[in-house]
Amino acid sequence: MTTLCIANNRTEEIVGDLAAMSPPEQLASGYGAQRILWWAKDGDVLVVPWVPDPEYLAYVTGLTGVRAASLTFVVPPPGAQGDRMITGDRLADPAFRAELGRVLAGRTVTEVLPITPNGAVAGLAAALGLAHAMSGQAFAAQGGNALVNSKAGFRAVAAGVGVPIPPGRVVASPAEVEDAVEQLLGQGHSVIVKVEFQAGGFGNEILARDERVDPAGAERVVVLADRAAVAVYVAERWTWLTAGRGQRVVVEQYFADSAPLYAEFAIDDAGVVLVGCGEMVMRPMVVGEITPPVTPDAEVRAELVAQGARLCEALRAIGYRGRVSADAVLTPRGEIRFHETNGRLTGSSHLHDAFFGRLLREEHRGSRFILELAGLKVPSFAEAVTGIAAAGLAFSPETGTGVLYSCDFTPADGSVMYCVVAESPEAARAQEAELLALFTG
């Protein structure tokens with residue numbers, strides 16, 4: 001039995017125009033896509049931007065117990081955006097499809113597992129005679145993934161099923177944006193404006209009457225003293241707000257000093273199943289998370305899960321299949337407000353599937369916290385691995401604690417993404433301090 005894994009980490013359904021990504025952003029996306037290795041099993045076939053670096057491949061498979069030699073990697077020819085990401089045109093390349101067909105010949109493919117289940121993957125699955133192995137293929141083939149990842153589409157679905165969202169609206173013209181922003185500012189609220197398709201907060205800006213607002217989940221705060229200033233802002237930023245493609249704009253009340261949370265679910269024909277919850281770390285953009293979340297109490301977590309499941313049931317009803325992260329904030333008043341859904345294997349999925357699901361023993365799974373953060377500068381990935389081993393910090397299956405490296409970005413920017421698995425949030429922070437001292441002390 002074979003799974004066809006496809007590492008399409010960034011697509012137009014997630015970030016809009018791929019050409020707008022800088023070469024370093026595209027390269028980082030390609031290295032982030034290598035996290036698909038955490039799902040690989042013996043005998044699987046993986047479509048990747050490039051063959052993984054040997055050190056990272058050996059590290060991941062050494063932890064998961066997969067025989068690295070049993071994995072087959074297929075790399076499509078470069079596309080319009082080069083070879084840094086798995087893009088739709090790379091998946092459509094006739095020579096690549098012929099090669100992949102030869103690799104899969106004689107195998108029984110039971111699952112097509114992409115990072116993003118979009119139309120390009122659906123088309124590839126159909127061309128290979130594997131539509132049956134891609135859950136939700138018919139929905140994806142008609143562009144359905146864009147609906148699940150659209151910030152505008154999200155508000156319509158959430159409002160329609162009664163899930164709490166921030167006050168605001170979806171607008172499509174400069175006059176509507178100006179009116180929606182001024183209405184909220186005039187009521188004494190700060191505002192967040194969102195590009196319809198973007199990720200990680202990079203399509204968000206916060207608008208305020210004064211400079212006392214600290215941004216979280218947005219690139220900057222823009223002070224707009226009056227309606228005239230709002231009109232100037234909209235005129236200047238209109239192309240950016242619509243991604244130059246006539247997209248819709250989301251205008252919402254911004255809740256400062258809130259805790260950013262998520263609940264991730266798996267959606268299949270049988271129903272909606274909770275995968276896990278977490279709390280994101282913002283500086284001011286998202287740089288990591290801790291799971292399970294530490295801020296919400298049991299009652300708030302129950303509401304997060306219940307309302308997230310309601311959202312996912314609506315998406316299941318229209319045909320989406322796969323992972324969904326329902327993102328929300330816990331406001332200072334103790335209210336949950338959802339603000340988007342992400343239909344893909346997210347930056348959290350490997351924590352729940354591979355770390356909680358594969359690496360931790362059953363007796364540890366309900367009593368461990370994972371703190372994951374990006375940006376730790378190291379001399380090399382190999383030295384990062386040997387360094388934690390020598391210091392006694394490396395993850396131990398016996399204790400269910402220690403440091404893991406979830407992703408290797410060293411060829412791109414000299415950094416790794418690290419995870420600390422511990423029995424409490426405090427213990428995770430203490431181990432993190434030891435880790436940081438190894439490489440920054």
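Everything discussed here concerns the structure shown above.
Residues numbered from 1 in each chain as written. Predicted model: local features only at pLDDT ≥ 70, side-chain atom pairs only at ≥ 80, totals over all residues. Heavy atoms only, no water.

### Side note on the packing of aromatic side chains
To keep things clear, this is the line we draw: To pair, rings of Phe, Tyr and Trp, with the six-membered ring standing in for Trp, must have centres within 6.5 Å; the planes then decide the type, stacked if under 30 degrees apart, edge-to-face if over 60, and tilted in the middle. Every helix listed is a DSSP run of H or I at least four residues long, and every strand listed is a run of E at least two residues long, numbered separately from the N terminus. A simple rule labels every residue: compare its accessible area, found with a 1.4 Å probe on the protein chains alone, to the largest value its type can have, and call it buried under 20%, exposed over 50%, or partly exposed in between.
The final tally for this structure, using the stated rule, is seven aromatic pairs. Measuring from centroid to centroid gives 4.6 Å for Y31 and W50, while their planes differ by 65 degrees, and the two rings are edge-to-face. Taken as a pair, Y31 in helix α2 (residues 23-33) and W50 in the loop between β2 (45-47) and α3 (54-64) lie far apart in primary sequence, 19 residues in all. Like Y31, the residue W50 is buried in the burial classification. Seen in terms of ring centroids, Y56 and F381 are 5.7 Å apart; in terms of plane orientation they differ by 75 degrees. Their pairing is edge-to-face. Taken as a pair, Y56 in helix α3 and F381 in helix α14 (residues 381-390) lie far apart in primary sequence, 325 residues in all. For the pair Y56 and F381, one class covers both residues: buried. An aromatic cluster of at least three residues, connected via ring pairs, comprises Y56, Y59, F381 and Y405.

### Focus on the pairing of strand β12 (residues 286-291)
As a reminder, the rule being used: Here the rule is simple: two strands pair whenever DSSP picks up at least two bridges between them.
Here strand β11 (residues 271-282) pairs with β12 via four bridges, running antiparallel. Bridged to E279 within β12 is I290. One ladder, built from four bridges, connects β12 with strand β15 (residues 369-377); its direction is antiparallel. Bridge assignment links T291 to a residue of β15, and that residue is I370.

### Focus: the pattern of salt bridges
Here the idea is simple: oppositely charged side chains can pair when their charged atoms come close. Basically, it comes down to this: A carboxyl oxygen of Asp or Glu within 4 Å of a side-chain nitrogen of Lys or Arg is what we treat as a salt bridge.
Summed over all chains, the structure comprises 23 salt bridges. One salt bridge connects K151 with E340, and the closest N-O pair in it is separated by 3.6 Å. Of this pair, K151 sits in helix α9 (residues 151-161) while E340 sits in strand β14 (residues 336-342), and the two are 189 residues apart along the sequence. For E313, the salt bridge identified is with R316, shortest N-O distance 3.1 Å. Of this pair, E313 and R316 both sit in helix α12 (residues 298-317), three residues apart, which is roughly one turn of the helix.

### A few points about the packing of α3 against α14
A pair of packed helices is characterised by two quantities: the angle between their axes and the separation of those axes. Cut-off, in case you're wondering: Helix axes use the C-alpha atoms of the stretch in contact, all axes being lines fitted to C-alpha atoms, and the angles between their N-to-C directions lie in the range 0 to 180 degrees. We call two residues contacting when some pair of their heavy atoms lies within 4.5 Å. Note on residue classes: Ala, Val, Leu, Ile, Met, Phe, Trp, Tyr, Cys and Pro are nonpolar, Asp, Glu, Lys and Arg are charged, and everything else, Gly too, is polar.
Viewed as axis vectors pointing N to C, α3 and α14 meet at an angle of 35 degrees, and their least axial separation amounts to 9 Å. Listed contacts from α14 to E55, Y56 and Y59 of α3 are F381, A382 and V385. Along the lines of polarity and charge, the residues of the contact of α3 with α14 split into five nonpolar, no polar and one charged.

### Section: the sheet that holds β12
Ordered by their spatial adjacency, eight strands build an open sheet running β14-β13-β10-β11-β12-β15-β17-β16, and the pairing between neighbours is antiparallel. Unpaired on one side and paired on the other, β14 and β16 (402-409) mark the two borders of the sheet. On average, each strand axis in the sheet is inclined to that of its neighbour by 30 degrees, with strand direction left out of account. Sheet topology note: the β15/strand β17 (residues 415-422) ladder contains seven bridges and is antiparallel. For L371, the partnering residue across the bridge sits in β17 and is V420.

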